[in-house]
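Fold and contact review
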Amino acid sequence: MNYPLLDTLNDPLDLRKLSAADLTQVAAELRQFIINIVATKEGHLGASLGVVELTLALHYVFNTPDDKLIWDVGHQAYGHKILTGRRDLFETNRQYKGLSGFPKREESIYDTFGTGHSSTSISAALGMAIASKIKGEFNRQHIAVIGDASVASGMAFEALNHAGDSDANILVILNDNAIGIDPSVGALKNYLTNVKTGSQGQDNIFEALNFKYFGPVDGHDIDKLLEIFNTLKKIKGPKFLHVITTKGKGLKQAETNQVVYHAPGKFDALTGELSPKNTAVQPPKYQDVFGLTLVELAKKNEKIVGITPAMPTGSSLKYMMQQFPERAFDVGIAEQHAVTLAAGIACVGLMPFCTIYSTFLQRAYDQLIHDVALQKLPVIFCIDRAGLVGEDGATHHGIFDLSYLRCIPNLIIYAPRNEIDLRNILYTAQLGLDLPIAIRYPRGRGNLLKWKLPFSTIEIGKAQNLKEGNRIAILVTGHFTDRALEVAESFTDRISVYYFGFVKPLDRIMLQRIFSKYASIVTLEDGVKAGGFGSSIVQEAAKYNYKGDIRILGIPDQFIEHGATEQLYESVGLDTESLRQEIISLLP
Ligand SMILES: Cc1ncc(C[n+]2csc(CCOP(=O)(O)OP(=O)(O)O)c2C)c(N)n1
Ligand SMILES: CC(=O)[C@@H](O)[C@H](O)COP(=O)(O)O
Ligand SMILES: [Mg+2]
């Protein structure tokens, strides 16, 4: 594939040597380059295609990296990476030891702020703008590019509220494509639609917040973007530019099927068609076990309400939203609100199932403690993407939840070992608990083809002995249970496996039996070792005055980068072979 102009661009200085008229061709080449690589290497597609012209115009007019450019979420920054010296490395995007799929300060001086989670860009840009002013660097611009779904989040509004009351040199660019991963929701989305259609009248929210407002402008018209940026760069203080773009621009399928092409997996770069799916019958994704089981339960239990902060497709709450639109809500990128909304719903006797990715629940920690657990409100948290998630990397791994949840009083924590177990704990939870429960399960597929079995109730706080052995006890939680069994089988009758679905409350009776029987214990989890399941066993062992060895196996005290999930587990010694070696080293 030929990229005659793109191939000459090693950084934005080269770009600025081109004539403005050349930028149209660069845009076409850049778009094709992104399509060609993402088609085979996978990744986020639609968002980056939508901001090709915006990316070029920003780097052309502004003096990056001295002017600070911050991409919200960062999943749209592929063009930015390619133009800022990473074209040749881009085929390693999201792969183990390759480029990160998100901006990352260690990777480039052009990546001024690391992102991955949404709605941080305005705060970060404002922080930089305030610091520049304190340092006397008055001419620097600080630019946050934020999407229409991300700008509706609380954090973004907190930053707008602060910035609008300052004289900071900040430019907020709203990249409005009317969609997040799923279609955008909420009153702000309606307002933005009215602005675009001209039916909004004179009122302007952003002007009311004291920003100088510009737009809306067509974000695919390079000349218009150059003109407006040349104006904006001379204006001091807080400015807001409303840009209209099309997610997936330039690839027909990505434009028409924006949800799927947000991150489409492999596809044909020429036709845009998705690569054929594996047609063999496969075990279900955990998210679908959750989503489909919830529909089954909601048909019989009218108290069930579903909540997702902006991930109806990713969490599979979409199934309930389709069947029971009056009882299932996408609240937008608003994790804090989602949790307290669930608390409110529980207060009045309904049964909220609040599904949030483990990594995004970090945003709502105070709400979890203050609004839910402290008041013993029986919210059912369905925490998806627990454990390592793969190519999204350090910003998205769900490895902290067991530790950050375990220290909260009144909270039940359950990590199902498989799809049937997940179904049964969902069933058990909706029978009525008098405490909140956090049910956490991994990204991707389970192992069972037959998983839609009749429901059975799970006894709260009970562990199970799955395999009896006489030397070492493996205590395991969550989906690593099969891994523990596989390892144990290879040692015939020497290794026991105890499955602790409940990380809290722990089965103390079972633990006492284990402490009195084994001289060596290994704990296994897909979360951080610090403060997690293994830690809780060590604490119990100390209370019991246990004198044997306990080895905690989990994620070490470091951020884990991106790569295929199994590759990453191997890198931290949690693959089957490494576990087997650990056991061998403990055997007398
Ligand atoms: C705090 C947080 N919640 C959820 C997500 C998952 N997420 C990633 S991109 C995205 C949609 C972003 O939409 P928008 O800001 O409009 O950008 P676009 O994809 O349209 O460019 C969501 C919900 C996230 N990254 N961070
Ligand atoms: C950028 C972002 O936060 C999401 O697009 C995320 O990558 C989705 O993750 P899943 O693919 O696990 O749904
Ligand atoms: Mg959007």
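Residues numbered from 1 in each chain as written. Chains lettered and ligands numbered in written order. Predicted model: local features only at pLDDT ≥ 70, side-chain atom pairs only at ≥ 80, totals over all residues.

Moving on to the sheet that holds strand β11 (residues 437–442). Strand order in this open sheet of seven strands is β7-β6-β8-β9-β11-β10-β15, and the pairing throughout is mixed. Both edges of this open sheet fall to β7 (328–330) and β15 (502–504), since each of them pairs with a single strand only. The sheet shows a mean angle of 20° between the axes of neighbouring strands, direction not considered. Along the sheet face, helix α12 (residues 286–300) touches β6 (304–308), β8 (351–357), β9 (380–386) and β11 and points at about 150° away from the line of β6. Packed onto the sheet, helix α19 (residues 419–430) meets β6, β8, β9, β10 (412–414) and β11 and runs at close to 165° relative to β11. (Pairing = 2+ DSSP bridges. Helix = DSSP H or I, 4+ residues; strand = E, 2+ residues; numbered from the N terminus. Axes fitted to C-alpha atoms, helices over the stretch in contact; angles between N-to-C directions. Contact = placed C-beta atoms within 7 Å.)

This chain's UniProt record puts "binding site: Mg(2+)" (unreviewed entry) on Asp 148 and Asn 177. Separation in sequence by 30 residues is not matched in space for these annotated residues, since their most distant C-alpha atoms are only 6.8 Å apart. Locating Asp 148 in the fold gives a position in the loop between β2 (142–147) and α7 (154–163). For Asp 148, a count of 23 C-beta atoms within 10 Å puts it in the buried group. Apart from the residues within four sequence positions on either side, Asp 148 is in contact with Leu 174, Asp 176, Asn 177, Ala 178, Ser 184, Lys 189 and Leu 192. As for its placement among the helices and strands, Asn 177 is situated in the loop between β3 (170–176) and α8 (187–197). The buried category is assigned to Asn 177, around which 23 C-beta atoms lie within 10 Å. If we skip the residues at most four places from it in the chain, Asn 177 touches Gly 50, Asp 148, Thr 245, Thr 246 and Lys 247. (UniProt positions renumbered as here; feature names shortened; annotations may be inferred. Buried ≥ 20, exposed ≤ 12 C-beta atoms within 10 Å, placed from the backbone.)

Taken together, the neighbourhood of ligand 1 is formed by 20 residues, with Ser 118, Gly 147, Ala 149, Ser 150 and Gly 180 sitting nearest. Of the residues in the shell around ligand 1, the class split is eight nonpolar, nine polar and three charged. Among the domains, domain 1 (6–262) and domain 2 (286–442) are the pair contributing at least three residues each to the shell around ligand 1. (Near = placed C-beta within 6 Å. Nonpolar A, V, L, I, M, F, W, Y, C, P; charged D, E, K, R; others polar. Domains from an automatic or database assignment.)

This part takes up α8. Residues Lys 189, Leu 192 and Val 195 constitute the buried set of α8. All buried residues of α8 lie within an arc of 120° about the axis, which places them on one face of the element. Projecting away from the buried face of α8 at angles above 90 degrees are the exposed residues Ala 187, Asn 190 and Thr 197. Among the structural elements, β3, β4 (212–218) and β5 (239–244) are those in contact with the buried residues of α8. Two residues or fewer past α8, Gly 198 is found with a positive phi of approximately 80°. (Arc of directions from axis to C-beta.)

The five strands lie next to each other as β1-β2-β3-β5-β4, forming an open sheet whose pairing is parallel. Whereas interior strands pair on both sides, the edge strands pair on one side only; in this sheet they are β1 (68–71) and β4. Neighbour-to-neighbour, the strand axes of this sheet turn through a mean angle of 15°, independent of strand direction.

Here we come to the pairing of β11. Most of β11 is tucked away, with six of its six residues classed as buried. Of the two faces of β11, the one holding Ile 437, Ile 439 and Tyr 441 and the one holding Ala 438, Arg 440 and Pro 442 are both buried throughout. Here five bridges tie β9 to β11, and the two strands are oriented parallel to one another. Each residue of the ladder has a partner; that of Ala 386, found in β11, is Pro 442. Direction of pairing for β10 relative to β11: parallel, over a ladder of three bridges. Opposite Tyr 414, over in β11, you have Ile 439 as the bridge partner. Read from β10 through α19 to β11, the crossover connection turns out right-handed. (Right-handed = clockwise from strand over helix to strand, strands pointing away.)

Close contacts around ligand 2 come from His 44, Val 73, His 75, Ile 181, Ala 263, Gly 314, Arg 385, Val 389, Asp 392 and Arg 443, and that covers them all. Taken together, the residues that form the shell around ligand 2 break down as four nonpolar, three polar and three charged.

Between helix α15 (residues 335–347) and helix α17 (residues 365–373), the shortest axis-to-axis distance is 9 Å and the interhelical angle comes to 10°. Of the possible angle classes, the one that applies to α15 and α17 is roughly parallel. Seen from α15, the contacting residues are Gln 336, Val 339, Thr 340 and Ala 343; seen from α17, they are Gln 367, Leu 368, Asp 371 and Val 372. Among the residues forming the contact of α15 with α17, the class breakdown is four nonpolar, three polar and one charged. (Parallel < 35°, antiparallel > 145°, perpendicular 65-115°, else oblique.)

We now examine the UniProt feature "binding site: thiamine diphosphate" (unreviewed entry) in the protein chain. As recorded in UniProt, the feature "binding site: thiamine diphosphate" (unreviewed entry) lies at His 75, Gly 116, His 117, Ser 118, Ala 149, Ser 150, Asn 177 and Glu 335. Its place among the elements puts Ser 118 in the loop between α5 (78–86) and α6 (121–134). Along the polypeptide, Ala 149 turns up in the loop between β2 and α7. According to the C-beta neighbour criterion, Ala 149 is buried, with 27 such atoms within 10 Å. Sequence-distant contacts of Ala 149, defined by excluding residues within four places in its chain, comprise Gly 180, Ser 184, Ala 310, Gly 332 and Ile 333.

Considering every residue of the protein chain, the mean pLDDT works out to 97; 100% of them sit at 70 or more. α8 is the least confidently modelled element of the protein chain, averaging 93 in pLDDT, while β10 averages 99, the highest of any element. Complex prediction metrics read pTM 0.98 and ipTM 0.99. (pLDDT = per-residue confidence, 0-100.)

Before going further, it helps to spend a moment on the packing of helix α4 (residues 52–61) against helix α10 (residues 222–232). Two elements in contact, α4 and α10, have axes whose closest approach is 9 Å; the angle formed by their N-to-C orientations is 40°. In this view, α4 runs oblique relative to α10, as classed from their interaxial angle. α4 and α10 meet at a crossing whose hand is right-handed. The segment α4 lies against α10, with Glu 53, Leu 54, Leu 56, Ala 57, Leu 58, Tyr 60 and Val 61 engaging Ile 222, Leu 225, Leu 226, Phe 229 and Asn 230. Taken together, the residues of the contact of α4 with α10 sort by class into ten nonpolar, one polar and one charged. (Left-handed = near helix turned anticlockwise from the far one by under 90°.)

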